[in-house]
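# Topology and contacts: notes
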Amino acid sequence: MLGNRRPAVAIRPRLCARQGCDEVASATMTYDYANRSAWIDQLDAEASPAGYDLCDTHADNLGVPSGWTRSDRRAPPSPFARVAV
Ligand SMILES: [Zn+2]
């Protein structure tokens, strides 16, 4: 019986915030201008107005202005997650 089944909530994948990039975001970058710090975390479960969603490539290549601290707080990649398909 399918009558009672609710349709799955459409989860729209969040995309990289970089202009011209349509990769699915995998990280969220937040920053504190006063402390000149930028953080890269695993993608936030909820889009935050203070955060920028970035794809792997753009998160890896994110540069910060000179004098800023860049902290990559993502979990180190699991060796098992890198198996080629
Ligand atoms: Zn990107």
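For the structure, check the block above.
Described below are features of the structure shown in this document. (Residues numbered from 1 in each chain as written. Predicted model: local features only at pLDDT ≥ 70, side-chain atom pairs only at ≥ 80, totals over all residues. Heavy atoms only, no water.)

## Observations concerning a nonpolar patch on the surface
A cluster of nonpolar side chains, namely Tyr31, Tyr33 and Tyr52, defines an oily patch on the protein surface of about 370 Å² accessible area. Along the polypeptide, Tyr52 turns up in strand β3 (residues 52-54). (Patch = residues over 30% accessible without salt bridge, like charges linked within 9 Å, V, L, I, M, F, W, Y side chains within 5 Å. Areas by Shrake-Rupley, 256 points an atom, 1.4 Å probe, with all protein chains shown as cover. Salt bridge = Lys/Arg side-chain N within 4 Å of Asp/Glu carboxyl O. Helix = DSSP H or I, 4+ residues; strand = E, 2+ residues; numbered from the N terminus.)

## A few points about the coordination of the zinc ion
Geometrically, a metal with four donors at the corners of a regular tetrahedron has ideal angles of 109.5 degrees, and one with six donors at the corners of a regular octahedron has ideal angles of 90 or 180 degrees. Around the zinc ion, the protein contributes the donor atoms Cys16 (SG), Cys21 (SG), Cys55 (SG) and His58 (ND1), at 1.9 to 2.3 Å from the metal centre. Coordination at the zinc ion comes from four donor atoms whose angles at the metal span 106 to 116 degrees, giving a geometry best classed as tetrahedral. Going along the chain, you hit the donors of the zinc ion in the pattern C-x4-C-x33-C-x2-H. Of this pair, Cys21 sits in the segment before β1 (27-32) while Cys55 sits in the loop between β3 and α1 (56-60), and the two are 34 residues apart along the sequence. (Donors = N, O, S within 2.8 Å, 3.2 Å for Na, K, Ca; no water. Tetrahedral: all angles 85-135°; square planar, octahedral: opposite > 155°, others 65-115°.)

## Some details on the packing of aromatic side chains
What describes a pair of aromatic rings is the distance from one ring centre to the other and the angle between the planes of the rings. Under the defined criterion, the tally for this structure stands at three aromatic pairs. For the pair Tyr31 and Trp68, a centre-to-centre distance of 6.2 Å together with 50 degrees between the ring planes defines the contact as tilted. Taken together, the positions of Tyr31 in strand β1 and Trp68 in the loop between α1 and β4 (69-72) put the pair 37 residues apart, joining distant regions of the chain. Under the relative-accessibility criterion, Tyr31 is labelled partly exposed at 39%. On the basis of an interplanar angle of 75 degrees and a centroid distance of 5.6 Å, the ring pair of Tyr33 and Trp68 is categorised as edge-to-face. (Phe/Tyr/Trp six-rings, centres within 6.5 Å; stacked < 30°, edge-to-face > 60°. Buried < 20%, exposed > 50% of the residue type's maximum accessible area, 1.4 Å probe, protein only.)

## Re the sheet that holds β4
The four strands lie next to each other as β3-β1-β2-β4, forming an open sheet whose pairing is mixed. Each end of this open sheet is capped by a strand with a single partner; those strands are β3 and β4. Going across the sheet, the axis of each strand differs from the next one's by a mean of 25 degrees, ignoring polarity. Across four bridges, the pairing between strand β2 (residues 37-42) and β4 is parallel. (Pairing = 2+ DSSP bridges. Axes fitted to C-alpha atoms, helices over the stretch in contact; angles between N-to-C directions.)

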